[in-house]
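Residues per chain, in single letters:
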Amino acid sequence: MKIAIHGRNFPESARPYIQSMFEELARRQAELIISKGYREYLDNAGVAHYSQATYTIEEGVTDADFIFSLGGDGTLLDAVTHVGVRQIPIIGINIGRLGFLATVAPASVRLMIDALFSDQYSIDERVLVSVRSSQDIFGNLPFGLNDFTITRTQTSSMITVHTYLDGEFLNSYWADGIIISTPSGSTGYSLSCGGPVLLPQTNNFIITPISPHNLNVRPMIVMDSCQLSFEVESRSGNFLAALDSRSFTVETAVRISVQKEAFKARLVKLSDDNFLNTLRSKLNWGWDIRN
């Protein structure tokens with residue numbers, strides 16, 4: 001089995017679990033390829049990884065059975081861009097904080113590896129959002145798992161986002177910005193701005209305004225088969241366009257459209273991985289003395 005590994009800095013408390021993971025993979029004679037930056041971090045941290053093979057973020061992972069993401073949800077979002085159209089299954093090991101996407105606890109890593117080698121898992125396919133624009137913004141990575149956002153720059157006042165649904169005018173959002181979220185991203189930025197939570201397999205996008213000037217403007221759910229397009233007005237002449245964790249300043253003359261990506265992200269789901277359980281756990285649902 002060939003496994004790619006990507007991660008970020010980890011607390012000292014996670015070290016034993018990470019070292020145990022590499023030892024278990026070595027015992028099973030798995031072939032490892034580690035992202036270059038993460039391998040350098042492991043070497044500096046004194047973690048034995050038993051691998052000499054690396055890949056760069058620019059080239060991505062071209063050949064692997066799985067990719068392990070060691071960190072939080074942000075690290076997993078990075079891993080999505082590393083595999084892209086190749087759709088290599090991703091396993092999120094939660095060494096971060098909240099972890100809606102990275103659901104494997106560090107203490108369960110050995111059990112997770114055993115499940116992979118015994119084929120005791122399923123694949124959860126997640127819709128990606130694709131961004132097209134009149135000027136190249138996101139290079140060869142114009143897709144994201146969570147959301148696409150248009151926001152004002154730090155030095156600008158409120159912006160106006162003229163929004164069209166399949167070419168038909170929908171609304172002009174006078175606001176700090178607007179979020180186009182996938183179901184996977186519904187528990188992220190959109191949720192903090194009052195958007196609804198969607199089940200992962202729901203075939204929808206969420207349009208969520210950020211601090212709208214008109215209080216009667218609310219989040220809206222649309223089919224993910226539609227195309228959304230935008231024209232932005234700003235006193236500063238520019239705005240911020242962000243795709244998951246990647247953001248760039250864009251001139252208001254640029255026209256942008258969003259639709260569903262042709263390929264998907266494939267997340268590995270273990271037998272005890274249940275989205276409703278995750279919701280209750282991460283959002284503290286039911287934490288009431290009456291329960």
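An unreviewed UniProt entry annotates the protein as NAD kinase originating from Spirosoma endophyticum. Under the UniProt heading Cofactor (unreviewed entry), the note attached to the protein is "a divalent metal cation".

Caption draft 1: Representation of the sheet that holds strand β12 (residues 204-210). Spatial strand order, β13-β12-β11-β8-β15-β16: six strands in an open sheet with antiparallel pairing. The sheet is open, and its two edges are formed by β13 (220-223) and β16 (246-251), each paired on a single side. For this sheet, the mean angle separating the axes of adjacent strands, direction not counted, is 20°. Sheet topology note: the strand β11 (residues 177-181)/β12 ladder contains five bridges and is antiparallel. In the strand pairing of β12, I180 is matched with I207.

Caption draft 2: Summary view of the UniProt feature "binding site: NAD(+)" (unreviewed entry) in the protein. Those places that UniProt annotates as "binding site: NAD(+)" (unreviewed entry) correspond, in this numbering, to D73, G74, N146, D147, D176, T187, G188, Y189, S190, L191 and S192. Look at the named residues: they lie 120 residues apart in sequence, and the longest C-alpha span between them is 24.6 Å, so in the fold they stay spread out. You can see S190 is positioned in helix α5 (residues 189-192). Setting aside anything within four residues of it in sequence, one finds S190 in contact with I179, S181, G185, G195, I206 and T208. Along the chain, S192 falls in helix α5. On the accessibility criterion, S192 (58% relative accessible area) is exposed.

Calculation rules
- One numbering rule holds for all chains: residues counted from 1, following each sequence as written.
- pLDDT decides what is reported in this predicted model: residues at 70 or higher carry local features, side-chain atom pairs at 80 or more are listed and counted, and totals for whole chains, interfaces and linings draw on all residues regardless.
- Think of the side-chain values as coming from all heavy atoms in the structure, minus any hydrogens and water.
- UniProt positions are given in the numbering used here, feature names are shortened, and annotations may be inferred rather than shown by experiment.
- We treat two strands as partners when DSSP finds at least two bridges between them.
- Helix numbers and strand numbers start at the N terminus; a helix is a DSSP run of H or I with at least 4 residues, a strand a run of E with at least 2.
- Note on definitions: angles span 0 to 180 degrees between N-to-C directions of axes, and those axes are lines fitted to C-alpha atoms, for helices only across the stretch in contact.
- Any two residues whose heavy atoms approach within 4.5 Å at even a single point are treated as in contact.
- With a 1.4 Å probe rolled over the protein chains alone, any residue whose accessible area is under 20% of its type maximum counts as buried; one over 50% counts as exposed, and the rest are partly exposed.

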